[in-house]
Amino acid sequence: MSKVRTLMETMDYGPAPESNADVLTWLARTPAVGHWIGGAHVAEGPLSDVVNPATGAVLTQLHTAGESQVDAAVQAARAAFPAWSARPGHERARYLYAIARAVQKRERFLSVLETMDNGKTIRETRDIDIPLVARHFYHHAGWAELIDSEFPGHGPVGVCGQIIPWNFPLLMLAWKVAPALAAGNTVVLKPADLTPLTAHALAEICVEIGLPPGVLNIVQGGGPTGALVAGHPGVDKVAFTGSTEVGRVIRRQIAGTGKKLSLELGGKSPFIVFEDADLEAAIEGVVDAIWFNQGEVCCAGSRILVQEGIAPRFFARLAERMESLRVGDPLDKCTDVGAVVSARQLQRINDLLAQGQAEGATLHRAPGQLPANGCFSAPGFFTGTTPASTVSQVEIFGPVAVTMTFRHPDEAVQLANDTRYGLAASVWSENISKAIDVAARVKAGVVWINATNIFDAGAAFGGMRESGFGREGGREGMREYLTRRSGPKPHTRKLTAVNFDPAPLTETVAQAASGGVDITARHWIGGKWTRADSGQSASVRGANGAVLGQVAIGSRKDIRNAVEAAAKAGGWGGVTAHNRAQVLYFLAENLDQRRGEFADLITASTGGDGTAEVDQAIRRAFWAAAQADKVDGTVRATKSAHVTLHINEPWGVMGVICPDESPLLALIALVMPALAMGNRVVCVPSQVHPLVAARFAQVAAVSDLPAGALNIVTGPSDMLAKTLAEHDEVAALWYCGSAEGSAMVERAAADNLKATRVDHGHLRDWADLADAAADLRAAVQVKTLWLPYGA
Amino acid sequence: MQTDFPRNSGVPLDPSWFDRVSVNTPAADRRAATLTTRRSVKKDHQAAWLCKAITLTDLTTLAGDDTPARVQRLCAKARQPIRADIAEALGVDLTVGAVCVYPTMVPHAVRALSGSGIPVASVATGFPAGLMPLPLRLAEIRWAVDQGADEIDIVITREHALLGNWSALYDEIAAMREACGAAHMKAILATGELKTLTNVYAASMVAMQAGADFIKTSTGKEDVNATLPVSLVMCRAIRDYRAASGQIVGFKPAGGIRSAKDAMNWLVLMKEELGLRWMQPDLFRFGASSMLADIERQLEHHVTGRYSAANRHPLA
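Just so you know, these numbers come straight off a predicted model, no measurement behind them. (Residues numbered from 1 in each chain as written. Chains lettered and ligands numbered in written order. Predicted model: local features only at pLDDT ≥ 70, side-chain atom pairs only at ≥ 80, totals over all residues.)

Chemist: What exactly am I supposed to notice about the overall build of chain A here?
Modeler: Looking only at helices and strands, chain A has 28 helices and 33 strands in total. The burial tally for chain A puts 58% of its 791 residues in the buried class. Sequence separation of 24 or more characterises 74% of the internal contacts of chain A that already satisfy a separation of 6 or more. (Helix = DSSP H or I, 4+ residues; strand = E, 2+ residues; numbered from the N terminus. Buried ≥ 20, exposed ≤ 12 C-beta atoms within 10 Å, placed from the backbone. Contact = placed C-beta atoms within 7 Å.)

Written out as C-alpha cells, the structure is:
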C-alpha cells in the first residue's frame, strides 16, 4: 500500500513544524545575550544558559547584570529623559509607530524565537502574542500623538524600572514599554532570566529604527537584578508583573521612596458556568482559559465553578474534550499545549498536583504519551476539590484547573470571591441579566462574559485585591506613567507633636468653670457614638493653648470595630449614584447651616481663618456630591462585535488618614469623594484638631448616611494608620502625614497589597480642584467587562 | 450505502433534547475560526487528506440546464476523479462518494455509473425551496427511488423551523424518511435561511429524531451556504443525538465549498469534533461541484513539485 493510501486510513495530522532556520542563524551570531544600555550592547556579568524548555537544548548564554550595569542603565535613562520627554508627542509617536511596524514585519521571526525560548506553541505566539505586541505599540503611538490634548497638565514620571515575567515575554515588554515611552518616560527594563531573547531582539529593532540611545535600556538577570532595578534611587516608577510574593517584596522594598508603583500579580480566577450556558462554548472556554499557554497565565480561569445540575455532564464532556488536545513540540503548528517554561516550574506544578491528590481530590489528565525530553505537563483538571483544598487556593500556574459546584447565582458569587486574588473572571450564561449581575458582583479587574482571555491594547487589564493595583492598556494604563505637572517643589509638612495624655489636667478648664458643658467627643462608628475601647480620652487644646474639649483616644480595637462596621455597610456602594448624591448634598446643606459654629471652632483650633476654610469645605462638599453621578465608565472600541465596558467600582472599605492642617477642608476633600464613589470610609481625622471632625460627625449623623458608611476614629494618626494599613478588610488607604508615616503605611500595606496613596509628608493645596479630580479617580478601581455579541 | 452500524431509526419527537440549548454565536464563531488555525496538514499527509476528500465528495450538478450528456460527463469524472498518472504516482485508486443530481437526471446517472459502485443521490421534495404540497413531495421521493436513486437529499420546510412548529417539521421529515424506503435520506436544513445557530441546532435535532441518515447544511441555492460555525453546531448536535439515543447520523456540508483549503478545514472540523469515524463516506460527504478541480491541481503539484493549471485536468 502506498504511503498516501496508508495515510488515508489513519488520517493523522503528521508533523507540521514551523521552520526555525532563521532563528538558528540569529542564535548562531548571538552566542551570548547581554544588556542594552544607552544604545550599546553590553556583554558584562556572569553567564548562564538560556534553555529551550521543549528540548533541553542550550540556545545561547545570558549575562546577568549586577549593580554597575543596572546603575549604568539607570544613568543612561536619566540622561536620555530630558530630551525624550521634551519631544513633542508626535515625534515620540513616530518612534512607537516604527517599532510597531518593525515588529509586524518580523512576526514570524519573533514568534519562532519566543516559542523556542519559552516553550509556548507557535500557534499562540503567531496568532496571539506577537500580533498583540504590534497592536500595543500602534495603540500607544496613538496616545503619544494625543498626549497633550488627552492628558492636559500631565507629564511623564521620569525613569521607569520595569520587571516582566516569563509567561508572555515580548507581550509583557510591550505592555510595559509602550505606555512608558508614549508618555515621555525613559525605561530600564528587566526581562525574565528564563526568557530573555525576544527582548534582545526588540533591542535590535530599536537600533534599526533609530530609537535615541538611553530611552529604552534592557538589563538581563534574575530576581536579584530585578531588586537592583526596583531599588535604584534613580528610578521614579516601578512596574512589575509577576508573582504576588515578589510583588509584596517590591512593595516593601520601595516603601516610602516616593516611587510610583503598579503591580500585576497572581490570580486564581473563577470560571463560572451556569446551567443555561452554551455548554459546548463553555467547554471551549476552558480550553482557552486553563489550557492556553500551558496554564501559565496570571488570569487563567483556574477555578471552574459549575452549577450542580449540569456538573456531571460538564466534567464528562471536559474529559472527552481533553483527549483531542495535542501536547508536544511547540514549533509544530498542530500543537495545542507546548512545554512548561522550566524544569523547576514543572516540578512545582507536579508537587502541587501531588498535594491535591494527597488531599483527596481526583486528578483527570489528558491521555497520551508526553515527549520523552523537555518540560511537558499534560492538561488536566481536578474534581472533588473544595474551597479548602490547597490547589483551590494556590496558583498552580500549570495546565490544571480545580472544579467546584454551586447551587445558585448567590453561591457562585460567594465561591468566586472566596479568594485573596481578584484578577479576572469568566461568566458563562445565555441569560444576559444574570451574567451581568454576576459580573458586577465578582471581585475582579477583568470579567469576560461568555468568553475568556481576550485582550486588547485599548482595554484596561489589572487586578483587585492581592492581584495587584494599577492597570495596563487604554487610558487607565497611560495614567500609570503620567503625573500631574506640578509647579515648584511641594513644601514639607511641619509636624506638630501631639500628646494624647489621658491623665487629669492640672489646670481648670475654662469651659466648665464658666458654666458650660464640656465637650467630650467619642468615636463615630457604625452610626453610633462609641467610647474609646481603651475608655480613655485626652484633652484637645486650641491655638491659644486653652483646652477646647476632650477627645477619645483611639486604639487598634476601635479601628477593628470601625472597619467591621464599614464592611457591613456594603449597601452604600449599591445604591444609585443619584441616591448617594442626594445624601451628600443633604450633608453639605447641613454643614452649611452650621457654618458659623464650624468657623468659630476652626479658628479656635487652628488660629487660622475659620470662615474661609468652612467656605471652601462647603463648596468642596457640594462639588463631591455633584460628582457622585458624573464619574462615568466608558465603552471602548476594541475588537469588532465586542462591547468592552470600563466600569468604575468603589474599592469597598477605605481608610483615610487626614493631615494635621485644614481639619475640615482636608477631611471633606478626602472623605467626600471616597463616599461619592460608593466607598465606605474609616477616617482618622487631624490628630491635632480632632474636635472639628467630631463635630462634622454630628452633621453626618443627621444627613441620612447609612450606618457604617462613614466612621471616624480619633487618636494618634500613625498608630491608627498602621492598624488600617495592616487590616486585610481595608482595600485602599489614603495617608496624609509624615514621610516616615508614608513609608510605614506602604510597607504595612504590602501584606494584602492594598492600594495606598500617601503624601510623603508633602503639603497639598487643599483648595485646588485639579487635585480633587485625581481624588475622584483614586476613589475607584476599574473593572473591565468584555461582552462579545452576535445573534 | 455500506455501513457497519444500524440506520438511524429516529426516536419520538422530544423537544427537551433541544429546547434548552441556546448556541452562543460569537463563541461558535471563535471556535470555528481557531479550529483551522490550530491544525496544519502538510506533504504526504496533505495529499492523503485531499485524496480522502475526493472519496467523500458528492459530485454535484443541480442546474436548470442539466442534460443527459452533462450528467454523463460528470459521472465519467466521478469514476476517475483525478488523472490516471497522478493517481498512479500517489498509489491510489479513487472514486467520489456519490453523484448528486435532480430527479429527472437520475436515470442518466444510474446508467452512466452502472458497475462503478458509486451511488446516485437525488435531490427531491421540491428542491430547493420545498414549498410544494407534501403528497407531491413524497411522490417525488418515490419516483426518484424508483428510478434508481440510492440516496435522497430532501429539503425541510423552513417555515416550520422559523415558527418553531417542531412537530410539523418532525412529521414531515418522518414521512419523507418512510417514502425513501431503503434509500438513505439526507435532510437539508437550508441553514442560511434558518439564520440563527440555535435554530440550526434545533432543526438538526428534529431531523435526526425523525430518522434522517444525514443532516446537510444547504441546497447551494441560499445566499449563505455551508459555513464552519454552522457545521460546528450540526456536528455537536450529531454528538448529542448519539449520546441521547445511541444512534449514529452523518453530516454533509454543501454549497460554497470550492477549494482544497476548504476541504482541509472541514476535515479538521470533523476530526476534532467527531473523530476519524466521521471522516468516512458513510458518515461524511462534501456537497461540491468545483472543489474537485482545485484538489486535482494541488495533487498534481504534490506529485510534480510544479504548480498546475486547470486545463491540464479533465472537466467534470
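From this point, things continue past the structure.
Chemist: Just checking my understanding: could you explain the overall build of chain B for this structure?
Modeler: The helix and strand inventory of chain B stands at 13 helices and eight strands. Rg of the C-alpha trace for chain B: 19 Å, near the compact-globule value of 20 Å for 316 residues, within the 12% margin. With the C-alpha coordinates of chain B rotated into their principal frame, the extents come out at 55 × 45 × 35 Å. (Rg over C-alpha atoms; globule rule 2.2 N^0.38 Å.)

Chemist: Help me out: how do you make sense of the sheet that holds strand β25 (residues 547-552) of chain A in this one?
Modeler: Strands in a sheet are paired, the pairing made by backbone hydrogen bonds, and the direction either parallel or antiparallel. Residue and element names in this part refer to chain A. Spatial strand order, β21-β25-β24: three strands in an open sheet with mixed pairing. Strands with a single pairing partner mark the edges of an open sheet, and in this sheet they are β21 (520-521) and β24 (537-541). Relative to β25, β24 runs antiparallel, the two being bridged by five bridges. By the bridge assignment, R541 is partnered in β25 with V547. Helix α25 (residues 690-701) contacts β21, β24 and β25 of the sheet and is inclined by roughly 65° relative to β25. (Pairing = 2+ DSSP bridges. Axes fitted to C-alpha atoms, helices over the stretch in contact; angles between N-to-C directions.)

Chemist: Quick question: what am I supposed to make of the pairing of strand β33 (residues 780-788) of chain A here?
Modeler: A regular strand carries its side chains on alternate faces of the sheet. All names here are of chain A. Burial within β33 is extensive, with nine of its nine residues counted as buried. Taking every second residue as pointing to the same face, both faces of β33 are buried, with V780, V782, T784, W786 and P788 on one and Q781, K783, L785 and L787 on the other. By the bridge criterion, three bridges tie strand β18 (residues 446-449) to β33 in an arrangement that is parallel. Its bridge partner being in β33, V447 is matched across the sheet by L785. As paired strands, strand β27 (residues 642-650) and β33 are joined by nine bridges and run antiparallel to one another. Its bridge partner lying in β33, I647 is registered against K783.

Chemist: Looking at this structure, how should I read the sheet that holds strand β4 (residues 47-51) of chain A?
Modeler: Residue and element names in this part refer to chain A. Reading across the sheet, the three strands line up as β1-β5-β4 and stay open at both edges, with mixed pairing between neighbours. Each of the sheet's edge strands pairs with one partner strand only, and the pair in question is β1 (32-33) and β4. Taken together, the two bridges between β1 and strand β5 (residues 58-63) define a ladder with parallel strand orientation. Considered in β5, the bridge of A32 is made with Q61.

Chemist: Would you take a moment to explain the interface of chain B and chain A for this structure?
Modeler: Interface size, as often reported, equals the accessible area lost upon joining of the parts. Across the boundary between the two partners, chain B contributes 32 residues, which contact 29 residues of chain A. Among the elements of the structure, α1 (25-35), α2 (43-55) and α12 (260-273) of chain B are those that each provide at least two residues to the side of chain B that touches chain A. Broken down by element, the residue count for the side of chain B that touches chain A peaks at eight residues, all from α2(B). In terms of residue class, the side of chain B that touches chain A is made up of 13 nonpolar, eight polar and 11 charged. (Nonpolar A, V, L, I, M, F, W, Y, C, P; charged D, E, K, R; others polar.)

Chemist: Explanation requested: the confidence of the model for chain B in the structure shown.
Modeler: Should the pLDDT be low somewhere, the predicted coordinates at that spot are not to be read in detail. For chain B, per-residue confidence averages 97 on the pLDDT scale, and 99% of positions sit at 70 or higher. Under the prediction, the complex receives an ipTM of 0.97, its pTM being 0.97. (pLDDT = per-residue confidence, 0-100.)

Chemist: Even after reading the chapter, I still don't get the pairing of β4(A), so can you show me in this structure?
Modeler: All names here are of chain A. In this sheet, β5 lies alongside β4 in antiparallel orientation, the contact comprising five bridges. Looking across to β5, one finds that D49 is bridged to Q61. As consecutive antiparallel partners, β4 and β5 are separated by six residues, and within that stretch G56 has a phi angle of approximately 80°, a positive value.

Chemist: Before we go on, may I ask you to explain helix α15 (residues 409-416) of chain A in this structure?
Modeler: In an α-helix, one turn spans 3.6 residues, which is why side chains three or four residues apart end up on the same side. Residue and element names in this part refer to chain A. The set of residues buried in α15 consists of A412, V413 and A416. Buried residues in α15, looked at end-on, bunch into an arc of 95°, giving them a common side. Residues of α15 that are buried make contact with β12 (269-273), β13 (301-307), β16 (400-406), β17 (424-428) and α16 (432-441). (Arc of directions from axis to C-beta.)

Chemist: What is the right way to look at the domain arrangement of chain A in this model?
Modeler: All names here are of chain A. Once the domains are mapped, chain A shows domain 1 (21-265), domain 2 (269-462) and domain 3 (510-632 + 651-781). Placing a centre on the C-alpha atoms of domain 1 and another on those of domain 3 gives a separation of 42 Å. Listed per partner, the contact involves 10 residues of domain 1 and nine residues of domain 3. The element that contributes the greatest number of residues to the side of domain 1 that touches domain 3 is helix α10 (residues 244-253), accounting for five residues. Tallied by class, residues from the side of domain 1 that touches domain 3 come to two nonpolar, five polar and three charged. (Domains from an automatic or database assignment.)

Chemist: Is there a simple way to think about the environment of A:G368 in this case?
Modeler: Along the chain, the position of A:G368 falls in the loop between β14 (362-365) and β15 (380-383). In this structure A:G368 comes out as partly exposed when scored by C-beta crowding, with 13 C-beta atoms within 10 Å.

Chemist: Please explain the environment of A:V207 as it appears in this structure.
Modeler: All names here are of chain A. Secondary-structure assignment places V207 in helix α8 (residues 197-209). When the 14 C-beta atoms within 10 Å are taken as the criterion, V207 is described as partly exposed. Taking the C-alpha atoms as reference points, V207 and A40, 167 residues apart in sequence, are found 9.0 Å from one another.

Chemist: I would appreciate a short explanation of unusual backbone geometry in the present structure.
Modeler: B:P128 follows B:F127 through a cis peptide bond whose omega is 0°. Position of B:P128 among the secondary structure elements: in the loop between β3 (120-123) and α6 (134-146). Despite not being glycine, A:N293 shows a phi value in the positive range, around 55°. With respect to the helices and strands, the residue A:N293 is situated in the loop between α11 (279-290) and β13. Notably, B:A190 is not glycine yet its phi reads approximately 55°, a positive angle. Checked against the element boundaries, B:A190 lands in the loop between β5 (184-188) and α9 (191-194). Its 26 C-beta neighbours within 10 Å are what place B:A190 among the buried residues.

Chemist: Can you help me understand helix α5 (residues 107-118) of chain A in this one?
Modeler: With 12 residues, α5(A) ought to run about 16 Å at 1.5 Å a step, and its terminal C-alpha atoms sit 16 Å apart, in line with that. Phi turns positive, to about 95°, at A:G119, one or two residues after α5(A). (Expected span 1.5 Å × (residues − 1).)

Chemist: Got a minute to help me understand the packing of α12(B) against helix α13 (residues 291-304) of chain B in this structure?
Modeler: The axes of two packed helices give the description: the angle between them and the distance between them. All names here are of chain B. Packing of α12 against α13 brings their axes to within 8 Å, and their N-to-C directions diverge by 100°. As the angle between them shows, α12 and α13 are arranged roughly perpendicular. Note on element contacts: α13 touches α12 through M291, D294, I295 and Q298, opposite A260, D262 and A263. For the contact of α12 with α13, the residue count by class is four nonpolar, one polar and two charged. (Parallel < 35°, antiparallel > 145°, perpendicular 65-115°, else oblique.)

Chemist: Where do I start with the environment of A:K783 in this structure?
Modeler: Residue and element names in this part refer to chain A. Of note, K783 is situated in strand β33. Sequence separation of K783 and R485 is 298 residues, and the distance between their C-alpha atoms is 27 Å. The residues contacting K783, other than those within four sequence positions of it, are A444, G445, V447, I647 and E649.

Chemist: Please clarify how the packing of α2(B) against α12(B) should be interpreted in this entry.
Modeler: All names here are of chain B. Two numbers describe how α2 lies on α12: the axes approach to 10 Å, and their chain directions differ by 90°. The orientation of α2 relative to α12 falls into the category roughly perpendicular. Contacts between α2 and α12 pair W49, L50 and A53 from the former with A260, A263, M264 and L267 from the latter.

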